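Examining the three-dimensional arrangement
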Amino acid sequence: VSELRYEELRGEQVAYAIHRQERTFLPTREHCPLDPTRPGGEQTEIPFPAFEIAVFDNRFPAFEAPHGAAEVVVYTDNHDGSLGTLAPERAEALMWVWRHRYMELGAREDVEYVFIFENRGVEVGVTLHHPHGQIYGYPFLPPIPARELAADERLGGCAPCKLLGDELADGRRVLIETDAIVAYVPYAARWAYEAHVIMREHRASLLDCEPGELRALASVLQTLVRGYDALFERPFPYVMAVHQAPTGGSCGERASAAAALPPARGGHLHIEFYPPLRTAEKLKYLAGSEQGAGTFISDTLPEESAAALREAIASAN
Amino acid sequence: MGSNPADAPGAPPSGDPPPPTPRPSDPSQRDRHARVQERCGPVAIERHVKDDGRSLLLYTREAEQA
């Protein structure tokens with residue numbers, strides 16, 4: 001059972017889940033707990049010989065009912081591959097799975113914020129290589145989505161809508177454009193190859209998306225991940241963070257002070273990628289300035305990263 | 001799209017999730033205690049409960065209609 005302690009100096013929660021020390025750590029391929037259970041073989045987390053997408057309660061949860069949730073989302077029964085190499089139909093189905101989990105977990109009274117994410121690569125702490133992501137149902141609103149809501153207030157409307165408009169007007173950092181989705185390296189990227197994937201229309205969450213938008217979202221995510229892998233010709237580690245509207249009573253329409261921006265509805269669906277690589281061999285570490293002062297120091301200009309990523313995306317797709 | 005109005009675009013998260021499927025007394029029945037299938041858009045959902053009581057959901061994309 002996890003324990004929450006409030007850190008007064010920073011005004012944020014810290015979760016203690018000491019049972020997670022015992023979680024499975026980089027098992028050999030033969031003992032992967034996310035593989036299907038083969039006839040006569042070792043029982044895994046999924047007791048079936050084949051499956052498409054599986055979601056289950058994390059055996060080592062950071063949060064659990066009645067104080068939140070922690071789930072594992074297994075993208076495929078194939079041990080190899082990645083989000084980028086899934087069949088397009090499977091990637092599209094994954095968007096519907098995310099939507100279903102957002103809807104179901106978001107309806108729970110003990111969940112204030114549904115956070116879908118993927119950690120890829122040992123560089124970001126992955127303990128299982130099988131293609132998968134996770135979902136946390138936080139019993140409180142975490143600091144980053146809270147800051148995004150504060151940005152809405154500060155700008156007098158939907159901050160992601162404004163930033164998207166700025167990026168399209170500038171154009172130098174745009175990576176991918178479709179009718180429904182835009183991907184770009186943000187103007188003030190923290191990570192060398194940070195990218196944001198955002199809905200063109202104001203969609204507070206996956207629940208607001210049309211089927212065609214979900215299909216487009218899957219396609220753009222795959223295009224970006226394949227581009228990442230082509231950039232340094234190696235599997236590209238990242239943290240992928242799906243930002244949506246909080247579900248704990250903040251989803252209602254909120255009045256906008258500025259008519260120029262769409263009214264904020266407590267969020268605008270966008271997906272942020274934080275890759276730790278700054279070159280093919282070098283990692284960006286969060287050190288003194290980042291950890292002690294909260295200010296990122298970057299070695300790379302976002303415009304240059306975007307140009308390199310555009311080239312990699314073109315070569316990989 | 002699914003036929004459930006709560007699953008329509010723009011619909012807020014609504015409705016409590018259904019209660020978990022009762023755990024089978026005989027582990028050999030594991031494969032047979034799935035609920036009646038639910039749907040979310042093009043995916044069908046099967047609910048299971050693992051031997052230790054944890055939830056397991058299997059999602060299967062329905063084949064494209066010709």
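Here is a short report on the structure shown in this document. Each chain has its residues counted from 1, following the order in which its sequence is written. Lettering for chains starts from A, numbering for ligands starts from 1, and both go in the order in which the items are written. Whole-chain, interface and lining totals are the exception, using all residues; otherwise, since this is a predicted model, local features are given only for residues with pLDDT of at least 70 and side-chain atom pairs are given and counted only at 80 or more. As a rule here, side-chain values come from all non-hydrogen atoms in the structure, and water together with hydrogens is ignored.

Here's the deal with the sheet that holds strand S8 (residues 181–184) of chain A
Taken together, the 12 strands give an open sheet; going across it, the order is S7(A)-S8(A)-S9(A)-S11(A)-S10(A)-S5(A)-S6(A)-S4(A)-S3(A)-S3(B)-S2(B)-S1(B), and neighbouring strands pair in antiparallel fashion. Looking at strand neighbours, the two that pair on one side only are strand S7 (174–177) of chain A together with strand S1 (38–40) of chain B, the edges of this open sheet. In this sheet, neighbouring strand axes are inclined to one another by 20 degrees on average, regardless of whether the strands run parallel or antiparallel. Pairing between two strands is assigned when DSSP locates at least 2 bridges connecting them. Runs of E in the DSSP output that reach at least two residues are strands. Runs of H or I that reach at least four are helices, and both are numbered from the N terminus. Note that strand S9 (residues 195–199) of chain A and strand S11 (residues 270–274) of chain A share 4 bridges and pair antiparallel. Of the residues in S11 of chain A, the one forming a bridge with Ala195 of chain A is Phe273 of chain A. By definition in these notes, contact holds between two residues if any of their heavy atoms fall within 4.5 Å. Between the N-to-C directions of two axes lies an angle of 0 to 180 degrees, each axis being a line fitted to C-alpha atoms and, for a helix, fitted only over the stretch in contact. Helix-sheet contacts for helix H1 (residues 88–106) of chain A involve strand S3 (53–57), strand S4 (69–74), strand S5 (113–120), strand S6 (132–138), strand S10 (238–243) and S11 of chain A together with S1, strand S2 (43–49) and strand S3 (55–61) of chain B, and the interaxial angle to S3 of chain B is about 140 degrees. Most of the contacts of helix H4 (residues 211–231) of chain A go to S9 of chain A, to which it runs at about 170 degrees, and overall it touches S5, S7, S8, S9, S10 and S11 of chain A.

Concerning unusual backbone geometry
Residues and elements named next belong to chain A. Put simply, Ala65 and Pro66 share a cis peptide bond, and its omega is 5 degrees. Structurally, the position occupied by Pro66 is in the loop between S3 and S4. Of note in this structure, Glu233 is not a glycine but carries a positive phi near 55 degrees. Assignment of secondary structure puts Glu233 in the loop between H4 and S10.

Quick notes on the packing of helix H2 (residues 143–155) of chain A against helix H3 (residues 159–170) of chain A
All names here are of chain A. At a minimum axis separation of 8 Å, H2 and H3 run at an interaxial angle of 75 degrees. Comparing their axes, H3 and H2 come out roughly perpendicular. Listed contacts from H3 to Ala151, Asp152 and Leu155 of H2 are Ala159, Pro160 and Lys162. Throughout, the term roughly parallel applies to angles under 35 degrees, roughly antiparallel to angles over 145, roughly perpendicular to angles from 65 to 115, and oblique to all others.

Topic: the side chain of Ser205 of chain A
By the secondary structure assignment, Ser205 of chain A is in the loop between S9 and H4. Not counting chain neighbours up to four residues away, the residues in contact with Ser205 of chain A comprise Tyr102, Gln244 and Leu269 of chain A.

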